[in-house]
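Residues per chain, in single letters:
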Amino acid sequence: FLWFHGQSVPNSNRVDGNIAIMDVLDDGSTSVRETWPALSGSRTLMPIPNNENWTVSNLRNNRTQPGFVRDGVGFSFDITPDPAWGRTLLRIHPDGNLPGTEGCIGLTCGAGELNNFRNTVQNYLRINQTIRLRVTGSYTSLDPVIIRAR
């Protein structure tokens, strides 16, 4: 599974952290296979909420919109949200333009690591079609309607 863990950035709605590919071992414990620097949210826009069961799928390769391209590498993977949050169009993509996203997970590494992330997740999706995404260190709201209103 993928795991995004972030920490709040002062005077901002953004969380900075890492996204990792986790292996589940035979005894049920987990091990980090690989990790990449990432963020979610911005100074004014909320990050992806904490949740154990987001789903990642569907590589959109060769993205050209500036917010999806970093160091000449552009792509995105869809994040299927928990319907209770009312969030749509969430993605994992390179963090282009100004630092921050509209709730997506933005990768902040260079071209080589971006290509490595894309290829690693794409290879997993060829076999499994979806991958679970765990999000921690962001926020949990008692009222998902508040998130939709922002």
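Heads up: the structure comes first, above all this text.
Residues numbered from 1 in each chain as written. Predicted model: local features only at pLDDT ≥ 70, side-chain atom pairs only at ≥ 80, totals over all residues. Heavy atoms only, no water.

1. Some points on the nonpolar core
In a soluble, globular protein the nonpolar side chains are often hidden away together inside.
Next up, step 1: Counting 26 residues, the largest nonpolar core has L2, I19, I92, L107, F117 and L133 as its most contacted members.
Next up, step 2: Dropping the residues within four chain positions of it, L107 is found in contact with I19, W36, P37, A38, R70, F75, I92, H93, P94, D95, L114 and F117. (Core = buried A, V, L, I, M, F, W, Y, C linked by side-chain atoms within 4.5 Å. Buried < 20%, exposed > 50% of the residue type's maximum accessible area, 1.4 Å probe, protein only. Contact = heavy atoms within 4.5 Å.)

2. Re the environment of W36
Next up, step 1: Here W36 is to be found in strand 3 (residues 30-40).
Next up, step 2: Accessibility expressed as a relative area gives 1% for W36, which makes it buried.
Next up, step 3: Each C-alpha atom, one on W36 and one on F4, is 9.5 Å from the other, the two residues being 32 residues apart in sequence.
Next up, step 4: In this structure, W36 is in contact with G17, N18, I19, I21, L107, C109, E113, N116 and F117, ignoring residues within four places of it in sequence.
Next up, step 5: A polar contact is formed between the side chain of W36 and the backbone oxygen of E113, at a distance of 3.3 Å.
Next up, step 6: Side chain to side chain, W36 and N116 meet in a polar contact 3.5 Å long. (Helix = DSSP H or I, 4+ residues; strand = E, 2+ residues; numbered from the N terminus. Polar contact = N/O pair within 3.5 Å; in protein donor to acceptor, adjacent residues only side chain to side chain.)

3. Describing the pattern of salt bridges
Next up, step 1: If you walk through the whole model with that rule in mind, you get six salt bridges.
Next up, step 2: A salt bridge links R14 to D16, with the shortest nitrogen-to-oxygen separation between them at 2.7 Å.
Next up, step 3: According to the relative accessible area criterion, D16 is partly exposed, its value standing at 30%.
Next up, step 4: Between R60 and D78 there is a salt bridge whose closest N-O contact spans 2.7 Å. Taken together, the residues R60 in strand 4 (residues 51-61) and D78 in strand 6 (residues 73-80) connect sequence positions 18 residues apart.
Next up, step 5: Through salt bridges with shared partners, a single ionic network connects E52, R132 and R134. (Salt bridge = Lys/Arg side-chain N within 4 Å of Asp/Glu carboxyl O.)

4. Quick notes on the environment of P81
Next up, step 1: Residue position: P81 is located in the loop between strand 6 and strand 7 (90-94).
Next up, step 2: Sequence-wise, P81 and W54 are 27 residues apart; in three dimensions their C-alpha atoms are separated by 5.5 Å.
Next up, step 3: The residues contacting P81, other than those within four sequence positions of it, are W54, R87 and L90.

5. With respect to the pairing of strand 4
Next up, step 1: Sheet analysis places strand 4 next to strand 9 (residues 131-136), joined by four bridges and oriented antiparallel. When the bridges of strand 9 are listed, N51 appears paired with V135. (Pairing = 2+ DSSP bridges.)

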